[in-house]
Amino acid sequence: MMYFTDIHSLEELRKEYKRLVKENHPDNGGSEDAIKVINVEYEITFKVLAKADTTNARKYDMAADEQIRDIINIIINFDINIEICGSWIWVSGNTYTCKDDLKSNGFHWASKKKMWYWHDPEEQTRSNGKTTMDDIRNKYGSETIKKVETKMCISA
């Protein structure tokens, strides 16, 4: 193992995986080969840790993780903000140029939040539309995968 050598829990594994993907993604100077190795090592390490920790393994579904990783790999090249809250992916920023790509990959527009979201189509959801992003972040946690810097224009 090259990447996940000192990982002792599924939560540590997830955090390290996200850090490694950001660091080694081709858009950040990494390579596709490195990402492939990271994905294989992640799956192996996940299986080992899930067997050792059956209590917390229920919180982490390998199939759901794989879906989220696949979607993130598709949209990581877009000039947008990407955030994971629980098992949902939220996208914000200047999304107009990539809205068709987001739609074709299963994202939906949340007009009150002014953000796009994706979740497993098999997952049942209930919402009255009044939940704020802060409520969602507080309830499910939040991890920023990609943050695009906004450039301010200063007029003379």
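For the structure, check the block above.
On a predicted model such as this, the values are computed, not experimentally measured, just so you know. (Residues numbered from 1 in each chain as written. Predicted model: local features only at pLDDT ≥ 70, side-chain atom pairs only at ≥ 80, totals over all residues. Heavy atoms only, no water.)

## Overview of the environment of H108
In this structure, H108 sits in strand β3 (residues 108-110). Considering only alpha carbons, one finds H108 and H119, 11 residues apart in sequence, at a separation of 9.2 Å. Within the structure, H108 has its side chain in polar contact with the backbone oxygen of G106 (distance 3.5 Å). (Helix = DSSP H or I, 4+ residues; strand = E, 2+ residues; numbered from the N terminus. Polar contact = N/O pair within 3.5 Å; in protein donor to acceptor, adjacent residues only side chain to side chain.)

## What about the pattern of salt bridges?
Under the counting rule described, the total for this entry stands at seven salt bridges. For E11, the salt bridge goes to K15, with nearest N and O atoms at 3.6 Å. Taken together, the residues E11 and K15, both in helix α1 (residues 10-24) and four residues apart, mark about one turn of the helix. The exposure class of K15 is partly exposed, given its relative accessible area of 46%. For K18, the salt bridge is made with E143, and the minimal N-O distance between the two is 3.6 Å. Separated by 125 residues along the polypeptide, K18 in helix α1 and E143 in strand β5 (residues 143-146) bring together distant segments of the chain. Residues participating in the shared-partner salt-bridge network are E16, R19 and E23. (Salt bridge = Lys/Arg side-chain N within 4 Å of Asp/Glu carboxyl O. Buried < 20%, exposed > 50% of the residue type's maximum accessible area, 1.4 Å probe, protein only.)

## Concerning the packing of helix α2 (residues 32-52) against helix α4 (residues 62-75)
Packing of α2 against α4 leaves a shortest axis separation of 12 Å and a crossing angle of 165°. Judged by the angle between their axes, α2 and α4 are roughly antiparallel. As for the relative orientation of α2 and α4, their crossing is right-handed in sense. Residues N39, Y42, E43 and F46 of α2 touch α4, and the partners they reach there are M62, D65, R69 and N73. (Axes fitted to C-alpha atoms, helices over the stretch in contact; angles between N-to-C directions. Parallel < 35°, antiparallel > 145°, perpendicular 65-115°, else oblique. Left-handed = near helix turned anticlockwise from the far one by under 90°. Contact = heavy atoms within 4.5 Å.)

## Considering the nonpolar core
I75, I89, V91, L102 and F107 are the most contacted members of the largest nonpolar core, which totals 17 residues. For this core, the elements supplying multiple residues, two or more each, are α4, β1 (81-85), β2 (88-92) and β4 (115-118). Per element, the largest residue contribution to this core is four residues, and it comes from α4. Excluding residues that lie within four positions of it along the chain, V91 makes contacts with I75, I80, N81, L102, F107, M115 and W116. (Core = buried A, V, L, I, M, F, W, Y, C linked by side-chain atoms within 4.5 Å.)

## Here we look at the pairing of β2
Consecutive residues of a regular strand have side chains that alternate between opposite faces of the sheet. A large share of β2 lies buried, amounting to five of its five residues. In β2, alternate side chains face the same way, and those of W88, W90 and S92 on one face and I89 and V91 on the other are all buried. Taking the residues that link successive antiparallel strands as the turn, the β1-β2 hairpin has two residues, and the phi of G86 there is positive, at about 65°. Where β2 and β4 come together, three bridges link them in antiparallel fashion. Residue pairing in the sheet places V91 in a bridge with W116 of β4. (Pairing = 2+ DSSP bridges.)

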